[in-house]
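# Analysis of the macromolecular model
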Amino acid sequence: MSRTLPKPPKVVDLHAEAFLDDWEDYDADEILNLAIDHFRECLDAAIYWEYTEIKFIHGKGKGTLRKWIYEELKSYKDMGAIAAYYPAYHNEDIVVVQIGI
């Protein structure tokens, strides 16, 4: 039996309040881990659904989430799962991920 991943939105907000109903109940490290998990789930689903592009809003803050997201994207690119990634031209708080070549 094959599992079908749900289609993710074309723009994914990685702020805790965007994907967790009870985000106040988590500490900062838990939120970071959950945001990274959410990022992976959405990117994997976008690859599965053969999106050409997906955008992730990581925000400003201290830059911890941004650092982790860019490290993850480097791994995905090194594995050949995505073609490219770069900050959005109009807003550096968003990373644009090109999936198809």
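For the structure, see preceding data.
What you are looking at is a predicted structure, and each value in this text was computed from that prediction instead of being measured. (Residues numbered from 1 in each chain as written. Predicted model: local features only at pLDDT ≥ 70, side-chain atom pairs only at ≥ 80, totals over all residues. Heavy atoms only, no water.)

### Remarks on the packing of aromatic side chains
Counted by the stated rule, this structure contains five aromatic pairs. Arranged with centres 6.4 Å apart and planes meeting at 80°, the rings of Phe39 and Tyr76 form a pair that is edge-to-face. Taken together, the residues span a long stretch of sequence, with Phe39 in helix α2 (residues 28-48) and Tyr76 in helix α3 (residues 64-78) at a distance of 37 residues. According to the relative accessible area criterion, Phe39 is buried, its value standing at 0%. Given the relative accessible area of 8%, Tyr76 is considered buried. (Phe/Tyr/Trp six-rings, centres within 6.5 Å; stacked < 30°, edge-to-face > 60°. Helix = DSSP H or I, 4+ residues; strand = E, 2+ residues; numbered from the N terminus. Buried < 20%, exposed > 50% of the residue type's maximum accessible area, 1.4 Å probe, protein only.)

### Some words on the sheet that holds strand β3 (residues 84-87)
Reading across the sheet, the four strands line up as β1-β2-β4-β3 and stay open at both edges, with mixed pairing between neighbours. Each end of this open sheet is capped by a strand with a single partner; those strands are β1 (11-13) and β3. With direction set aside, neighbouring strand axes in the sheet form an average angle of 20°. Pairing analysis gives three bridges linking β1 to strand β2 (residues 53-57), with the strands arranged parallel. In the strand pairing of β2, Val12 is matched with Phe56. On the sheet, α3 packs against β3 and β4 (94-98) and is oriented at approximately 155° with respect to β3. (Pairing = 2+ DSSP bridges. Axes fitted to C-alpha atoms, helices over the stretch in contact; angles between N-to-C directions. Contact = heavy atoms within 4.5 Å.)

### Structural notes on a negative patch on the surface
A surface patch of like charges, here negative, comprises Glu17, Asp21, Asp22, Glu24 and Asp25. Mapped onto the elements, Asp21 comes out in the loop between α1 (16-19) and α2. By relative accessible area, which is 80% here, Asp21 ends up exposed. (Patch = residues over 30% accessible without salt bridge, like charges linked within 9 Å, V, L, I, M, F, W, Y side chains within 5 Å. Areas by Shrake-Rupley, 256 points an atom, 1.4 Å probe, with all protein chains shown as cover. Salt bridge = Lys/Arg side-chain N within 4 Å of Asp/Glu carboxyl O. Lys, Arg positive; Asp, Glu negative; His and termini not counted. Charge placed at Lys NZ, Arg CZ, Asp CG, Glu CD.)

### Here's the deal with the nonpolar core
Buried together is how nonpolar side chains tend to be arranged in soluble globular proteins. Counting residues in hydrophobic clusters, the biggest one holds 21 residues, and the most contacted among them are Leu43, Ile54, Phe56, Leu73, Val97 and Ile99. Sorting the residues of this core by element identifies α2, β2, α3 and β4 as the ones contributing at least two each. At seven residues, the largest contribution of residues to this core is made by α2. If we ignore the near neighbours within four places in the chain, the residues touching Ile99 are Leu43, Ala46, Ile47, Tyr51, Thr52, Glu53, Ile54, Ala81, Ile82 and Ala83. (Core = buried A, V, L, I, M, F, W, Y, C linked by side-chain atoms within 4.5 Å.)

### Considerations on unusual backbone geometry
Within the chain, Glu50 stands out as a residue other than glycine whose phi angle is a positive 60°. With respect to the helices and strands, the residue Glu50 is situated in the loop between α2 and β2. Overall, Glu50 belongs to the exposed group, its relative accessible area being 67%.

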